[in-house]
Every structure is written in structure tokens, then in C-alpha cells.
Amino acid sequence: MSDTDANRVYVHIGSPKTGTTYLQEILWNNREALREAGVHYPGTRPDAHFHAAMDLQNTQFQVDWFDDNVPNAWENLVKQAADGPATVVISHELFCTATPEQIERAMADLSFAEVHLVCTVRDLQRQLPAVWQEDVKNRHTISFEDFVAGVRGTVAEPDMLSELFWHRQDVPEILAKWGRSIPPERVHVVTVPPAGSSTDLVWHRFAELLGLRPEEYDTRVQQRNRSLGVAETELIRRLNQRLNGNIDWPTHDRRVKRNLAEEILGSRKARNPLEVPEQHREWLRQQSERITEALAERSYEVIGDLDELRPAVTDGPEVVPDHPDTAELAEVAIEALAEVIGRETARQRAQPEPKAPPTPEAPKAPGLRESLVLSSDRHPTLRIALGAYRRIKRISLRAAAHRGKQ
């Protein structure tokens, strides 16, 4: 690291679905190597920055679930950041929705260093279906067309998820809000390369911003947040409808989102990937031009190429997200069910069989003498007979002993 990098905090504020989870896992996995290079990625657990983003905004990720890790998470992360090496990285995509008052608090808390903003950006043609799909993974049931109608503002009462879209994806507005007190040269835009590019290219660009040599770090991650296809997404959406909120958020997150959507369905190659239907592409192109031009007009540092934010021309037959092929949907459902059963069976086989508890020994039946003794306690006649039996036995033993002496 150069001397100019001293006492800096890079706050990576978004946007969602721009490779943020991938970058955060690399940062977490390499935190010791980064520390040796003078870069500090604070936190005592991988999701510490997520909890900090929620705490700063005084909110929870799910309205029906309270995460005990959220309270004081921002304050704890800031303390760890101040105690580390001179260059700090704080990263979570949900910082993008902070209010001006919350941003002001963040800037005051980070005033021990020079604050830089970082925003990773991807073209809207990939963002629109990716954001909707992520909402479906998080147990929502809104259709794609209803979601887009709300984003476009063509309905009187848009869904809450549609209203959130621009709060998280209008990058010029997000950077203007966060960068009110920061000179533009300390605001950095990292563009996400187009489909088909090297999977590590976004990391290389992020590392370049930090003054690191990207090839020196382990970029293997446990599992990339792979996109689902049309049928796979519809299967999860219908499953959410059937569950109807009857399982709590942690269970849904573990069993539906992680196990089913990401591990099982995300590992198969989708026959029909999610794409924006033709009827929305001109509007999307106009919004992309608006964003690209706004970023170009400012003096932000761009790592990558703003032209990558313009939608690519797509070929092939159009598949509407809300209307998957029925046969394909059934095939996906059967494959997923078979995989779930197979995994559960393998898990049970891997568990050691419980040891049977030791069988207690049956009580030994009492002999004649023991029976007489026990019974004599309850019957006087038997007690007399037992006394006579003992006297006769003593006389017999003495007689036998006398004969032995002769």
C-alpha cells in the first residue's frame, strides 16, 4: 500500500445483485492476508457487515423475525475498524437505503479516517430480473409483470418490492445521497463486466481500487449466488404461495432459499434463463442511458467501463418469466424432489445408529429359604416353622461333625 492510502475507510454501499456477496466472501476468507497488506476487513463473523447495515438503519431484514445480532452491530464494527490497520473496508449492499440522517451519523462515526464511497453497478437488463428473483427466494410471491409494472410506475398502488427497486438501483441518486459531504474524487464506481467475462474480473477491479494485487488472494468461494431460470424461479414462487408464511424466516432461509433454491436448483443449468421480455426493453434502455449519462457527468473514478451499463442485445426465443413451459416446470419439480430425498437419505445414513440402552437383568427368583424368610415376615405360622427348620439344621450339622471325629 502507498502512503496516500493511509487512514482511509472504503464504504461499499451497493448495489444489490452486483457481485457484492462474492466480494464479501473473498474479503472475509482473505482477511489475514489482507491485514498483512495493510487492509482491514473488520467483523467477528461473516455477516457482521449485514448486521451493521441493519443496525445503522434501525431496522430488521424480516418484519416477522428479530435478529439478536443487529442491536449495537454498527457501533461494534466501527470500533473494530478504528483499531485495525490504516485502510479499512466496510461492505454491504443494504447500506444504499440509509436516510440522510443515518448517513450523517455514519460519517461522524467514521471521522477517524478519510471516507471513500464505493458502488458496484451492473446493467439494468440483468438487474431487473435478478432483483425480482432474489425477492422470490426471500419468500415473496409477486409475479414478474406486477413487479415490473410497479417499477415502471404504471399501476396506481405499486407493491412494496417494486418501490424498493429504485431506492437500491438508482446509483446516481444513491451516490448523491451518500456523497453530499465527500468530494467526487473519493467516490468510486466499479462496473460489473458483461455476461461471459471472467468470473474474477469484478474482484480484480475491486482489488485494484484498494491498491492490491488481486492474483495474490484466494478467490474460491463456497457457492456463488447463481441465477435461476424461468421454471426454477416459478417453482420457488409457487412453493412460497403454498407455504403462505407458515414457516418462520430462519427455516425458510435455510430450507427453501439456501438448500433448495441456491444449492439444488442453482447447481443445474437452466434451460431458459430469466430475461426481460421485449415489451420492456426500450423503457429499460432509456433508464440505462439516464444512469450512464448521470455517472459520466460527475467526476467519480470509474473502474471498468460505463458502456458496460448499457443493455446488451439478446438473441433467441422470448420466454416470459410468468409463463414457464408446463412440462419443464414439472421436470424441474421432480428433479428437485428427488434431490431433496436423496440428500435427506444420505444425511440419515451418515449419522451413527443410536446405541440401544442396556437390557436390565431380570431379578433372580428367590430360593426356598429366601421365600420362607420373606413370607415369615407376614405369617406367624411360617415364622414358627422356619424356627423349627433352623433348629433341625443345626442338630444335623452337629451330628455330622461328631461322626467325622469318630
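Fair warning: this is a prediction, and the values are worked out from it, not measured in the lab. (Residues numbered from 1 in each chain as written. Predicted model: local features only at pLDDT ≥ 70, side-chain atom pairs only at ≥ 80, totals over all residues. Heavy atoms only, no water.)

1. Describing the overall build of the protein
The helix and strand tally for the protein stands at 16 helices and six strands. Looking at the 406 residues of the protein, the share that counts as buried comes to 43%. Across the protein, contacts joining residues at least 24 apart in sequence account for 79% of those joining residues at least 6 apart. When the accessible surface of the protein is totalled, it reaches about 22500 Å², and 50% of it is carbon and sulfur. (Helix = DSSP H or I, 4+ residues; strand = E, 2+ residues; numbered from the N terminus. Buried < 20%, exposed > 50% of the residue type's maximum accessible area, 1.4 Å probe, protein only. Contact = heavy atoms within 4.5 Å. Areas by Shrake-Rupley, 256 points an atom, 1.4 Å probe, with all protein chains shown as cover.)

2. Comments concerning the side chain of Asp55
Relative to the helices and strands, Asp55 is located in helix α3 (residues 48–56). A distance of 3.0 Å separates a polar atom in the side chain of Asp55 from the backbone nitrogen of Trp74. Other than its neighbours up to four places away in sequence, Asp55 contacts Val70, Pro71, Asn72, Ala73, Trp74, Glu75 and Arg105. (Polar contact = N/O pair within 3.5 Å; in protein donor to acceptor, adjacent residues only side chain to side chain.)

3. Examining the pattern of salt bridges
One pass over the full model with this rule turns up 27 salt bridges. The shortest N-O distance in the salt bridge between Lys137 and Glu134 comes to 3.9 Å. Linking Lys137 with Glu134, this pair stays in helix α6 (residues 124–137), spanning three residues, or about one helical turn. Classification of Glu134 as buried rests on a relative accessible area of 14%. One salt bridge connects Arg310 with Asp307, and the closest N-O pair in it is separated by 2.3 Å. One salt-bridge network, held together by shared partners, links Lys17, Glu134, Lys137 and Lys257. (Salt bridge = Lys/Arg side-chain N within 4 Å of Asp/Glu carboxyl O.)

4. Section: the packing of aromatic side chains
For the coordinates displayed, the defined rule picks out nine aromatic pairs. Ring geometry for Trp132 against Phe144: centres 5.3 Å apart, planes inclined by 75°, an arrangement best described as edge-to-face. Of the two residues, Trp132 sits in helix α6 while Phe144 sits in helix α7 (residues 144–152), which places them twelve residues apart along the sequence. Judged on exposure class, the residue Trp132 and its partner Phe144 are both buried. Linked through ring pairs, Phe147, Phe165, Trp166 and Trp283 together constitute an aromatic cluster. A cation sits over an aromatic face here: Arg31 above Trp28, 3.6 Å from the ring centre. Taking the ring centre of Trp166 as reference, the NZ or CZ of Arg290 above it sits at 5.5 Å. (Phe/Tyr/Trp six-rings, centres within 6.5 Å; stacked < 30°, edge-to-face > 60°. Lys NZ or Arg CZ within 6 Å of the ring centre and 35° of its normal.)

5. Considering helix α4 (residues 73–83)
Since one α-helical turn is 3.6 residues long, residues separated by three or four positions face the same way. All of the buried residues along α4 are Ala73, Trp74, Leu77, Val78 and Ala81. Axial view of α4: buried residues confined to an arc of 130°, hence all on one face. Buried residues along α4 sit in contact with β2 (39–40), α3, β3 (87–91) and α5 (100–109). (Arc of directions from axis to C-beta.)

6. Let's talk about empty space enclosed by the protein
One pass over the full model with this rule turns up one cavity of 30 Å³ or more. Surrounding the largest cavity, Ser15, Val121, Arg122, Leu124, Gln127, Gln169, Val171, Ser288, Ile291, Thr292 and Leu309 form its lining. Mapped by element, the contributors of at least two residues to the lining of the largest cavity are α6 and α13 (281–297). Sorting elements by how many residues they give to the lining of the largest cavity places α13 first, with three residues. By residue class, the composition of the lining of the largest cavity is five nonpolar, five polar and one charged. (1 Å grid on protein atoms, 1.4 Å probe; cavity = no way out; pocket = protein on both sides within 12 Å on 5 of 7 lines; lining within 4 Å. Points joined across faces, edges and corners; volume = space filled by probe spheres on them. Nonpolar A, V, L, I, M, F, W, Y, C, P; charged D, E, K, R; others polar.)

7. Focus: the layout of surface pockets
What the second largest pocket holds in volume is close to 480 Å³. The wall of the second largest pocket is formed by 15 residues, among which Arg255, Leu260, Ile264, Ala336 and Val340 lie closest to the centre. Only α11 (230–243), α12 (249–264) and α14 (326–350) provide two or more residues apiece to the lining of the second largest pocket. Per element, the largest residue contribution to the lining of the second largest pocket is seven residues, and it comes from α14. Considered class by class, the residues forming the lining of the second largest pocket number nine nonpolar, one polar and five charged.

8. Comments concerning helix α1 (residues 20–29)
Of all the ten residues making up α1, eight are buried; the element is thus mostly covered by neighbouring parts of the structure. Every buried residue of α1 is listed here: Thr20, Tyr22, Leu23, Gln24, Glu25, Ile26, Leu27 and Trp28. Where α1 is buried, its residues touch β1 (8–12), α2 (31–36), β3, β4 (114–121) and α10 (201–210).

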